[in-house]
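Below, each chain spelled out in residue letters.
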Amino acid sequence: VGLLRRIERGPGRSQQALASDLGVVPSRIVPLLDDLAGAGLIERRPSETDRRTYAVHLTERGGRIMIEVHRLAAAHSEAMSAGLSPSQRQQLTKLLGIVAHNQGLSVGVHPGYRYLPSPRGEPAPPSGAAQQD
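Residues numbered from 1 in each chain as written. Predicted model: local features only at pLDDT ≥ 70, side-chain atom pairs only at ≥ 80, totals over all residues. Heavy atoms only, no water.

So, on to the pattern of salt bridges. Any two side chains of opposite charge can pair if their charged atoms end up close together. Under the counting rule described, the total for this entry stands at seven salt bridges. For Glu43, the salt bridge identified is with Arg45, shortest N-O distance 2.6 Å. Across the pair Glu60 and Arg64 runs a salt bridge whose closest N-O atoms are separated by 3.2 Å. Of this pair, Glu60 and Arg64 both sit in helix α4 (residues 60-80), separated by four residues, roughly a single helical turn. For Glu60, a relative accessible area of 66% gives the class exposed. (Salt bridge = Lys/Arg side-chain N within 4 Å of Asp/Glu carboxyl O. Helix = DSSP H or I, 4+ residues; strand = E, 2+ residues; numbered from the N terminus. Buried < 20%, exposed > 50% of the residue type's maximum accessible area, 1.4 Å probe, protein only.)

Within helix α2 (residues 15-22), the full set of buried residues consists of Gln15, Ala17, Leu18, Ala19 and Leu22. In this structure, the buried side of α2 is in contact with α1 (2-9), β1 (13-14), α3 (26-38), β2 (42-46) and β3 (54-58). Gly23 occupies a position one or two residues after α2 and carries a positive phi of about 75°. (Contact = heavy atoms within 4.5 Å.)

Turning to the sheet that holds β3, a few remarks are in order. Read across the sheet, three strands follow the order β1-β3-β2 without closing on themselves; strand pairing throughout is antiparallel. Strands at the two margins of the open sheet, each flanked by one partner only, are β1 and β2. Sheet topology places β1 next to β3; two bridges connect them, and they run antiparallel. Within β3, the position partnered with Ser14 by the bridge is Ala55. (Pairing = 2+ DSSP bridges.)

Glancing now at the confidence of the model for the protein. Of the residues in the protein, 80% reach a pLDDT of 70 or more, and the chain-wide mean stands at 83. Residue range residues 122-133 is modelled with pLDDT below 50. Its contacts to residues more than four positions away, or to other chains, number 14 contacts. (pLDDT = per-residue confidence, 0-100.)

Within β3, four of the five residues are buried, which leaves it mostly tucked inside the rest of the structure. Looking at chain direction, β2 and β3 are connected through five bridges and run antiparallel. When the sheet's bridge partners are listed, Arg45 is paired in β3 with Ala55.

Turning next to a nonpolar patch on the surface. Taken together, Leu84, Leu92 and Leu96 make up a surface patch of nonpolar side chains, about 240 Å² in accessible area. Residue position: Leu84 is located in the loop between α4 and α5 (86-102). Given a relative accessible area of 30%, Leu84 falls into the partly exposed group. (Patch = residues over 30% accessible without salt bridge, like charges linked within 9 Å, V, L, I, M, F, W, Y side chains within 5 Å. Areas by Shrake-Rupley, 256 points an atom, 1.4 Å probe, with all protein chains shown as cover.)

Time to look at the packing of α1 against α2. With their axes 11 Å apart at the nearest point, α1 and α2 run at an angle of 120° to one another. Taken together, the axes of α1 and α2 lie oblique to each other. For the pair α1 and α2, the crossing hand works out as right-handed. Contacts between α1 and α2 pair Leu3, Arg6 and Ile7 from the former with Leu18, Asp21 and Leu22 from the latter. Of the residues contributing to the contact of α1 with α2, the split by class is four nonpolar, no polar and two charged. (Axes fitted to C-alpha atoms, helices over the stretch in contact; angles between N-to-C directions. Parallel < 35°, antiparallel > 145°, perpendicular 65-115°, else oblique. Left-handed = near helix turned anticlockwise from the far one by under 90°. Nonpolar A, V, L, I, M, F, W, Y, C, P; charged D, E, K, R; others polar.)

Have a look at this one:
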């Protein structure tokens with residue numbers, strides 16, 4: 001879902017740009033995009049500006065899935081913070097942002113992307129290990 005969300009927010013980005021957004025080497029993102037394309041959620045189109053690359057877009061089906069994801073995420077967020085006032089929700093968001101920043105997390109990127117298995121089948125680095133790519 002994180003990758004679909006990134007594609008939704010930046011339609012037409014190249015595979016290399018998406019890999020950079022997620023902080024992984026391009027070879028690690030290709031299998032994920034292959035799976036999403038196989039499920040009919042994304043499509044690769046020839047880039048209008050660079051014949052060597054493909055622009056990645058959500059398909060109509062991918063767009064419908066993301067509408068449902070947004071609905072579910074909003075309902076989950078509402079349920080999780082139901083006991084908080086609007087100012088408390090703002091404070092919580094600010095505090096979580098500070099925690100994320102101090103942990104070196106990228107905005108909008110799940111930290112699990114750092115540890116995707118390589119396309120060669122090598123295991124992902126252990127939690128907390130520095131990435132060698």
